[in-house]
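# Fold and contact review
So the chains spell out like this:
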Amino acid sequence: MLTNLSETHLEESKETRIEELLKEYHSKIYAYCFNILRNSHDAEDAAQEVFIKAFQSKKLLEINNTNAWLYRIAYNHCLNKVKRKSFIEFIPFVEKNRGQEDDTNSDMELSYILSKLKPKERAMIVLRIVEDKDFTEIASILDIGIPTARKRFERIKSKVQKILEGRMQDEG
Amino acid sequence: MKDKIKTFEEFEARMKSQEIPPVQRNIELERKKIYKPIYLRASFIAIFLSICVTASIATAMNYTGWKLFNAEGQEVFEMKTMSEEEEAPHRKYDEVMEKYRVIKEKLSDMPKGKFRYFLAVDGYEELGMYGGYGLTMLHNGEKIDSVMQIPKELKELLLLKEDLQVPEEVKESLYFEGIGEDKLVLTEGTIYYNFPAIEVDGLAKDMYAEAKENNVEYIVREGTLTDDIREVKLLYSENKEGFGGIEITLQSANEGMSTTENLASSTKLTENGVDYLYDPVFQQVYFVIEDDTKKFIVTIRFTTKWEGIVVAKEDVLAIAKSILK
């Protein structure tokens, strides 16, 4: 195990490694954070903080599945951010924003549906639909079992369908 | 206006085709740099300087540094900034060793109490011009999860507890938007032990000769760590998943330490007979604790630096004073 390695030049290795990860994953992690937080400014902050956290981690040089590891840090970090901010302040895609230019290029329809989902649910949607990850990888990122990941996605899918149906009924 | 989404399949398609706003700002690597402990560890310096003593003396007149005194007015520690000449072998070492990064990582998996000497042929040859050998000790710390695991004779030098009270004025510096717990808990502790005394010159030459004879790029030898504690590192955070926190490091000290850090912006303060050196760049404070037989340089550092928030020296000092006996 590399954990606790205190050899002086570890920091240099970590710096090189984090530069590589930044090049490879920054835009992906930013997009992931954006889809959970639905705010580009917060997503930029979050993505940056995710990489700082990765850099701080003693696991940086020993981790095998870097992809899952970074997504897991991002997931936890975004959820923590959500906890620390009020929902209304943090997710500016309620109806009152209609007509205003927003982060999602005015796709208010999509924003509306996502606003009805919890951040955890949005994270699952992004991993499965946008990132096209299989349930094994999703389970690894979310630190849950594969069957649980599959069930959770199916539940969210049903929820989205209900949101759509409810909306159509409301609109007559 | 985009079409109404009527089915989950349409929702999927819209998710996939949505435009993510471009990143407006480049990631600020500056923040990341904050975490790089640019001072060079005492053990490494000890090995290097022991063989670079001529160069050190030659440049000693040019250093910028600070002296810390005890309550009796005796000098107990000196921190000095390395000259470019002094830094050169360290920079060269980093440059040469980069290609061995993965190898060294693999070699770092070793049993408790053991360490490894690592010597690369090209490192030995390139550092030879600086009077060095590029001999590296690969070692791991021993994890602890309670301050009770710190040996009594060291623990009793400070008021170390399982948690750390966060003064109200410190919260803004420590937490994003000042929202956070009043107490931090010990989330990670590590004890590092000293290496046995060796004759560096002879060992490095011997390892180099063996590498040449066997026509290999590097040589590794096993060693056993001593029972002497070289360093204790304690990280206090909100919880295991918490972001940032306060790190307290106790490093076994002799007369002083050389650093690549520019100490020009540091400030020395004296309170109740204790000299503190506050470094605003790295948001940390140094002070010395000692008894009749031991001396440690203690560093207290805020591991998170938020944009637009400067950790006041009083805030770092408040933490320092809270653990001083």
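Residues numbered from 1 in each chain as written. Chains lettered and ligands numbered in written order. Predicted model: local features only at pLDDT ≥ 70, side-chain atom pairs only at ≥ 80, totals over all residues. Heavy atoms only, no water.

### Concerning the side chain of R116 of chain B
Residue and element names in this part refer to chain B. Following the sequence through the fold, R116 ends up in strand 3 (residues 114-120). Within the structure, the side chain of R116 is placed 2.3 Å from the backbone oxygen of L107, a separation counted as a polar contact. Within the structure, R116 has its side chain in polar contact with the backbone oxygen of D109 (distance 3.2 Å). In this structure R116 touches L107, S108, D109, M110, T136, M137, L138, V220, R221 and E222, once residues within four positions along its chain are discounted. (Helix = DSSP H or I, 4+ residues; strand = E, 2+ residues; numbered from the N terminus. Polar contact = N/O pair within 3.5 Å; in protein donor to acceptor, adjacent residues only side chain to side chain. Contact = heavy atoms within 4.5 Å.)

### Some words on the pattern of salt bridges
Residue and element names in this part refer to chain B. Tallying each qualifying case throughout the model produces 26 salt bridges over all chains. Between K92 and E95 there is a salt bridge; the shortest N-O distance is 3.3 Å. Within this pair, K92 and its partner E95 are both found in helix 5 (residues 84-97), separated by three residues, close to a single helical turn. Taking the shortest distance from any N to any O, the salt bridge between E271 and K321 comes out at 2.7 Å. Note that E271 is positioned in strand 12 (residues 267-271) and K321 in helix 11 (residues 313-323), a separation of 50 residues in sequence. (Salt bridge = Lys/Arg side-chain N within 4 Å of Asp/Glu carboxyl O.)

### Observations regarding the packing of helix 6 (residues 119-130) of chain A against helix 8 (residues 146-170) of chain A
Between two packed helices, both the angle of their axes relative to each other and the distance between the axes serve to describe the pair. Residues and elements named next belong to chain A. Closest axis-to-axis distance for the helix 6/helix 8 pair is 10 Å, and the angle between their directions is 105°. Regarding the angle of helix 6 to helix 8, the classification is roughly perpendicular. Touching E121, M124, I125, R128 and I129 of helix 6 are A149, R152, F153, I156 and K159, all from helix 8. Here the residues of the contact of helix 6 with helix 8 sort into six nonpolar, no polar and four charged. (Axes fitted to C-alpha atoms, helices over the stretch in contact; angles between N-to-C directions. Parallel < 35°, antiparallel > 145°, perpendicular 65-115°, else oblique. Nonpolar A, V, L, I, M, F, W, Y, C, P; charged D, E, K, R; others polar.)

### Description of unusual backbone geometry
Although it is not a glycine, D132 of chain A adopts a positive phi angle of roughly 55°. Here D132 of chain A shows up in the loop between helix 6 and helix 7 (135-142). In this structure, N272 of chain B is a non-glycine residue whose phi angle is positive, near 50°. For N272 of chain B, the location among the structural elements is in the loop between strand 12 and strand 13 (274-279). The class for N272 of chain B is exposed, based on a relative accessible area of 77%. (Buried < 20%, exposed > 50% of the residue type's maximum accessible area, 1.4 Å probe, protein only.)

### Some words on the confidence of the model for chain B
All names here are of chain B. Taken residue by residue, chain B gives an average pLDDT of 78. The fraction at 70 or more is 79%. Within chain B, no element has a lower average pLDDT than helix 4 (residues 53-59), which sits at 30, and none a higher one than strand 8 (residues 218-224), at 94. Across residues 28-63, where pLDDT falls below 50, the model places 85 contacts with residues more than four positions away in sequence or in other chains. Confidence estimates for the predicted assembly give a pTM of 0.55 and an ipTM of 0.76. (pLDDT = per-residue confidence, 0-100.)

### Examining the sheet that holds strand 3 of chain B
Residues and elements named next belong to chain B. Taken together, the three strands give an open sheet; going across it, the order is 4-3-8, and neighbouring strands pair in antiparallel fashion. Two strands in the sheet have a free side with no partner beyond their single neighbour: strand 4 (136-139) and strand 8. On average, each strand axis in the sheet is inclined to that of its neighbour by 30°, with strand direction left out of account. Sheet analysis places strand 3 next to strand 8, joined by seven bridges and oriented antiparallel. Each residue of the ladder has a partner; that of F115, found in strand 8, is G223. The sheet strands contacting helix 10 (residues 200-214) are strand 3 and strand 8, and the helix crosses strand 8 at an angle near 135°. (Pairing = 2+ DSSP bridges.)

### Some thoughts on the sheet that holds strand 11 (residues 256-259) of chain B
Residues and elements named next belong to chain B. Read from one edge to the other, the open sheet built from three strands follows the order 1-2-11, with strand pairing classed as mixed. Two strands lie at the open edges of the sheet, namely strand 1 (65-69) and strand 11, each paired on one side alone. If you compare each strand with its neighbour and ignore which way they point, the axes differ by 10° on average. Relative to strand 2 (residues 75-81), strand 1 runs antiparallel, the two sharing five bridges. Residue pairing across strands places G65 opposite K80, the latter belonging to strand 2.

### Some points on the pairing of strand 12 of chain B
All names here are of chain B. Alignment of strand 12 against strand 13, held across five bridges, turns out to be antiparallel. From the neighbouring strand, T270 faces strand 13, where its bridge partner is D275. The turn joining strand 12 and strand 13, which pair antiparallel and follow one another in sequence, is formed by two residues; a positive phi near 50° is taken by N272.

### Quick look at helix 7 of chain A
All names here are of chain A. Three or more residues of helix 7 are buried, namely F135, I138, A139, I141 and L142. Down the axis of helix 7, the smallest arc covering the buried residues is 165°, so these residues share one side. Just downstream of helix 7, D143 is the residue with a positive phi angle, here 60°. (Arc of directions from axis to C-beta.)

### Comments concerning the pairing of strand 13 of chain B
Residue and element names in this part refer to chain B. Taking burial as the measure, the six residues of strand 13 include five buried ones, the bulk of the element. Here four bridges tie strand 13 to strand 14 (residues 284-290), and the two strands are oriented antiparallel to one another. In the strand pairing of strand 14, Y278 is matched with V285. Counted along the chain from strand 13 to the antiparallel partner strand 14, the turn is four residues long, and its residue Q283 has a positive phi close to 50°.

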